[in-house]
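# Overview (structure and organization)
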Amino acid sequence: MINIKEDENLNTLNHSCAHMMAQAIKRLYPNALFWVGPVIEEGFYYDIDLGDKSLTDEDLVEIEKQMKKIVKEDKLIKREELTKEEALEMFKDDPYKIDLINNMEKGTVITCYRQGEFVDLCRGPHVKSTKLLKNFKLLKVSGAYFKGDSKNKVLQRVYGVCFDTKEALEEHMQFLEEQKQRDHRKIGKDLEIFMTSDLVGRGLPMWLPNGSIIRRELERYIVDKEVALGYNHVYTPCLGSVELYKTSGHWDHYHEDMFPKMEVDDEEFVLRPMNCPHHMLIYKNAIHSYRDLPIRIGELAADFRYEASGAVCGLERVRAMCQNDAHLFVRPDQIKEEINGVVNLILEVYKDFNFKNYTFRLSLRDKDNKEKYFDNDEMWEKAESELRKVLQELNIDFYEANGEAAFYGPKLDVQIKTALGHDITLSTCQLDFLLPERFDLNYINEEGKKVRPVVIHRAILGTLDRFTAFLLEETKGNLPIWLSPIQVNIIPVNNNYHLEYASKIYEALKNKNVRVNLDDRDEKLGYKMRESVLHKNPYTLILGQKEVDSNMVSYRLRGSEDTSTVSIDEFTNIVLDDIKNKKI
Ligand code: TSB
Ligand code: ZN
């Protein structure tokens with residue numbers, strides 16, 4: 001998507017359009033007062049005080065009509081310079097403008113722009129006339145606290161976008177529509193994968209039965225892979241003492257991302273944001289020889305993070321999550337091989353899911369902001385250069401980003417772009433020399449001496465939550481059959497005549513552990529077929545008299561209108577093969 005804020009021409013156009021919208025709103029709501037109206041990546045918005053009035057979608061249509069009128073009126077947009085006194089006098093009845101003027105730096109030339117009866121305080125620049133603003137669209141309205149402070153009044157924030165040609169606007173609107181269709185929150189709702197409730201709380205989605213099937217399959221898939229690679233899985237509690245997180249350094253460096261502590265009897269606990277401390281103690285529970293390493297401790301582990309309420313988003317960014325986590329305890333000479341193993345596992349998983357849109361990022365510390373990270377320059381230099389060296393040796397294409405490291409070490413992150421355009425991390429592989437030190441971990445080396453292991457933190461699916469969000473967006477809800485909540489949907493043409501046969505097929509497939517649904521509702525055939533398409537079922541069986549007479553089944557594959565007719569055994573084998581091969 002084009003970044004409107006960064007494009008000089010579009011930036012001006014959108015800024016002028018925001019003014020024109022304000023003018024239209026002032027005509028419709030003479031008491032309206034305006035706070036700020038900036039250009040953003042997606043277009044523009046304006047924060048407006050309309051008293052108790054909340055704008056509806058119908059109101060936006062009226063505002064658009066008025067804006068079109070202003071376009072026709074061809075109002076010239078004129079710049080005027082003002083002294084502070086003049087500005088304060090001109091806007092004396094507008095507390096928002098007075099606030100802005102009083103907060104301006106001394107010596108700033110104050111300018112305002114006038115178009116017809118409307119004047120607004122503004123730095124500009126603007127287009128010459130409103131007639132140049134005809135290719136616009138208002139997109140949505142939401143409430144926004146004045147100055148972003150929840151103690152303040154709620155203003156109406158109206159979003160819009162403007163282009164220089166009709167074609168560009170149309171193309172953009174089509175892009176937005178596709179984006180909306182790809183948004184995992186919409187797919188998650190349509191396919192009944194997860195729900196949220198204000199009564200549970202922000203950032204705390206709940207997995208519905210369909211979502212839970214997907215999640216259980218993903219859990220099996222990744223745990224099986226890890227077991228085959230020599231991982232050992234554990235279960236640990238999702239809280240820990242404050243002391244534990246003081247020992248690890250989370251208390252000092254990760255505090256802002258944690259929920260506040262709870263006091264119980266004479267103990268203090270926190271909901272854990274990460275699992276590393278627990279796993280460090282599991283390692284420490286036994287004596288290890290150099291021959292035992294690497295030791296790979298994995299867990300599907302519940303974590304809790306205090307994400308900003310404005311940042312939580314569906315399953316993509318949550319406050320209660322389940323990490324596909326593991327900590328690898330390795331000798332220094334094993335670092336490269338183990339990182340290689342993790343990278344290969346990531347690539348293998350992405351191949352299984354046919355994910356192609358991702359980039360590798362080497363996430364480093366921000367040297368100008370060192371207090372966010374543990375304080376040991378030598379250790380940082382070593383960890384960062386070691387990780388970079390390994391990535392270069394493994395021939396991985398990556399870019400570097402400062403300020404994105406964990407507090408305990410640098411990371412290799414796999415970055416993805418969500419439907420909403422968020423750039424977020426899915427998989428991660430992190431090199432850590434710190435926690436082994438803080439927990440005084442060791443193993444006995446070849447000379448019989450106690451030495452420190454190195455820890456690699458890694459999450460392949462990231463969290464089940466985020467992974468599922470991405471999976472829904474990448475597949476647009478067309479899940480591969482092995483993950484589909486319903487793998488085969490059976491529709492009898494007429495319940496009176498074909499239900500018995502349909503039930504027989506249903507039982508046969510169910511006995512083979514296929515997730516099968518028999519749609520025996522008293523609805524029209526066409527309705528049931530349409531619904532099966534909407535639910536994105538991989539296979540839909542349509543069973544009528546022809547099938548009953550010939551003892552065959554007719555099926556439609558998702559995305560196709562063609563029907564194929566085969567024997568029951570043949571169909572069962574097709575489905576079982578697709579499932580076993582994890583067919584995309
Ligand atoms: C990999 N200690 C390491 C672990 O051993 C760790 O916690 N790393 S992390 O902070 O990067 O988190 C691991 C993964 O969790 C991230 O790569 C990301 O995919 C996922 N994740 C992080 N925060 C959230 C969130 N709020 N909602 C959903 N997923 C998240
Ligand atoms: Zn960790």
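All values reported here derive from a predicted model rather than from experimental measurement.

Conventions and cut-offs
Residues numbered from 1 in each chain as written. Chains lettered and ligands numbered in written order. Predicted model: local features only at pLDDT ≥ 70, side-chain atom pairs only at ≥ 80, totals over all residues. Heavy atoms only, no water. Helix = DSSP H or I, 4+ residues; strand = E, 2+ residues; numbered from the N terminus. Buried < 20%, exposed > 50% of the residue type's maximum accessible area, 1.4 Å probe, protein only. Contact = heavy atoms within 4.5 Å. Near = heavy atom within 4 Å. Polar contact = N/O pair within 3.5 Å; in protein donor to acceptor, adjacent residues only side chain to side chain. Areas by Shrake-Rupley, 256 points an atom, 1.4 Å probe, with all protein chains shown as cover. Nonpolar A, V, L, I, M, F, W, Y, C, P; charged D, E, K, R; others polar. Phe/Tyr/Trp six-rings, centres within 6.5 Å; stacked < 30°, edge-to-face > 60°.

### Considerations on the overall build of the chain
- Across its full length, the chain holds 18 helices and 28 strands.
- Considering only C-alpha atoms, the chain reaches an extent of 80 × 80 × 55 Å along its principal axes.
- Put simply, the chain has 584 residues, and 50% of those count as buried.
- Sequence separation of at least 24 residues holds for 70% of the intrachain contacts in the chain that already meet a minimum separation of 6.

### Looking at the site of ligand 1
- Within the structure, ligand 1 sits among 22 residues, and Glu307, Val318, Asp325, Leu426 and Thr463 are positioned closest to it.
- A distance of 2.7 Å separates an oxygen atom of ligand 1 from a polar backbone atom of leucine 426.
- Protein coverage of the free-state accessible area of ligand 1, which is 600 Å², stands at 95%.
- Of all elements in the fold, only β16 (320-330), β20 (423-432) and β23 (454-463) reach the threshold of two or more residues within the shell around ligand 1.
- Counting residues per element, the shell around ligand 1 draws most heavily on β23, at five residues.
- Split into classes, the residues belonging to the shell around ligand 1 amount to seven nonpolar, eight polar and seven charged.

### So, the packing of aromatic side chains
- What the rule picks out here adds up to 24 aromatic pairs.
- Between phenylalanine 353 and tryptophan 482, the aromatic rings sit 5.6 Å apart at their centres with planes inclined by 50°, giving tilted as the arrangement. In this pair, phenylalanine 353 is assigned in the loop between α11 (335-352) and β17 (359-364) and tryptophan 482 in the loop between α14 (464-475) and β24 (488-492), connecting sequence segments 129 residues apart.
- A centroid spacing of 4.8 Å and a plane angle of 70° characterise the contact between phenylalanine 355 and phenylalanine 470, whose relative ring orientation is edge-to-face. Pair noted here: phenylalanine 355 is in the loop between α11 and β17 and phenylalanine 470 is in helix α14, with a separation of 115 residues, a long-range link. A single burial state applies to phenylalanine 355 and to phenylalanine 470, both of which are buried.

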